[in-house]
Amino acid sequence: QKEVEQNSGPLSVPEGAIASLNCTYSDRGSQSFFWYRQYSGKSPELIMFIYSNGDKEDGRFTAQLNKASQYVSLLIRDSQPSDSATYLCAGLPDSWGKLQFGAGTQVVVTP
Amino acid sequence: EAQVTQNPRYLITVTGKKLTVTCSQNMNHEYMSWYRQDPGLGLRQIYYSMNVEVTDKGDVPEGYKVSRKEKRNFPLILESPSPNQTSLYFCASSSSTPTSGRGDTQYFGPGTRLTVL
């Protein structure tokens, strides 16, 4: 069982709607989480980092962390076709440098 | 231009033939890491390095070696490659470790697609 789980999708979202992506993790000790976006054939790029319970907003992106329920989510508001990509959730299971990624959720924004 | 470079970008080799994939960053970053990406499995960390001469295993270190003799370079060595190491490999670096709480961006290299026959 993977430590970080995501639905693989694809998640189909109409243009202008909100895309909601979820990630659950099994290690209660995980402190921080990252969301990466990866376009097909490209390298991942960081879009959000969150370490406190609650919401963190950056432009059209909002990350939500709930440590009691062990999930982290990403909302993409006003989805655009350029948001079509795979979104990777990553967590830190310990206090060293190990980083664990979920398998990623593919998002398809339809015009 | 700030970047992480990997070489080669594509490699086809045969079982048992030792190979090295180089990784170099020009951003004076402390933290470097190697990942492999396979369909349905996402990114899996192979090894990471907190700083020069300090490396540790990720989730899938078997069959791989690394060294960090200089800050800018972090080569990945496959002493005896096997077909199950066929994958897309990414090197990444960031100015601080992920545990620093600063959320510094990890910059990824362009990837190396390795095929082991």
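The rules behind each value
Along each chain, the written sequence defines residue order, and numbers are assigned to residues from 1. Chains and ligands are labelled by the order in which they are written, letters from A for the one and numbers from 1 for the other. In keeping with the model being predicted, local features are shown solely for residues with a pLDDT of at least 70 and side-chain atom pairs are shown and tallied solely at 80 or more, while totals for entire chains, interfaces and linings include all residues. No hydrogens and no water enter the side-chain calculation; it runs on all heavy atoms of the structure. Helix numbers and strand numbers start at the N terminus; a helix is a DSSP run of H or I with at least 4 residues, a strand a run of E with at least 2. C-alpha atoms define the radius of gyration, and 2.2 Å times the number of residues to the power 0.38 defines the globule rule. Burial status follows relative accessibility: with a 1.4 Å probe on protein chains alone, a residue under 20% of its type maximum counts as buried, one over 50% as exposed, and anything between as partly exposed. The criterion used for residue contact is that any of the two residues' heavy atoms lie within 4.5 Å. The method behind every accessible area is Shrake-Rupley, applied with a 1.4 Å probe, and residues are considered shielded solely by the protein chains displayed. We score Asp and Glu as negative and Lys and Arg as positive, and we do not count His or the chain ends. Where a charge lies is defined by one atom per residue type: Lys uses NZ, Arg uses CZ, Asp uses CG and Glu uses CD. The term buried area means the drop in 1.4 Å probe accessible area that two parts suffer when joined, counted for both and summed. Counted as salt bridges are all cases of a side-chain nitrogen of Lys or Arg within 4 Å of a carboxyl oxygen of Asp or Glu. Each polar contact in these results corresponds to two N or O atoms within 3.5 Å; when the atoms are within protein, one needs to be able to donate a hydrogen and the other to accept it, and residues that are neighboring in sequence are counted only if both atoms are side-chain atoms. Amino acids outside the nonpolar list (Ala, Val, Leu, Ile, Met, Phe, Trp, Tyr, Cys, Pro) and the charged list (Asp, Glu, Lys, Arg) are all regarded as polar, and Gly is one of them.

Peer 1: Any details on the overall build of chain B? Residues and values, ideally.
Peer 2: Helix and strand counts for chain B come out as 0 helices and 11 strands. The order of helices and strands in chain B, counted from the N terminus, is β-β-β-β-β-β-β-β-β-β-β. By the compact-globule yardstick of 13 Å for 117 residues, chain B fits well, its C-alpha radius of gyration being 13 Å. Dimensions of chain B, computed from the C-alpha atoms along their principal axes, are close to 40 × 30 × 25 Å. For chain B, the residues scored as buried account for 50% of the 117 residues in total. Within chain B, contacts between residues separated by at least 24 positions form 55% of all contacts whose residues are at least 6 apart in sequence. Summed over its atoms, the accessible surface of chain B is roughly 5400 Å², and 50% of this surface lies on carbon and sulfur atoms. Seen as two clouds, the 13 positive and the 10 negative side-chain charges of chain B have centres 5 Å apart.

Peer 1: Give me the lowdown on the interface of chain B and chain A, citing residues and values where you can.
Peer 2: Across the boundary between the two partners, chain B contributes 25 residues, which contact 22 residues of chain A. In terms of surface lost to chain A, no three residues of chain B exceed B:Leu43, B:Pro98 and B:Thr99, which account for 25% of the buried area on that side. Put simply, chain B and chain A have 1 salt bridge between them. Among the ionic pairs, A:Lys98 bridges to B:Asp59, the shortest N-O distance being 3.6 Å. Linking chain B to chain A there are 5 residue pairs in polar contact (both at pLDDT 80 or more). A per-element tally of the side of chain B that touches chain A places strand β5 (residues 42-51) of chain B first, with 5 residues. Along the lines of polarity and charge, the residues of the side of chain B that touches chain A split into 10 nonpolar, 11 polar and 4 charged.

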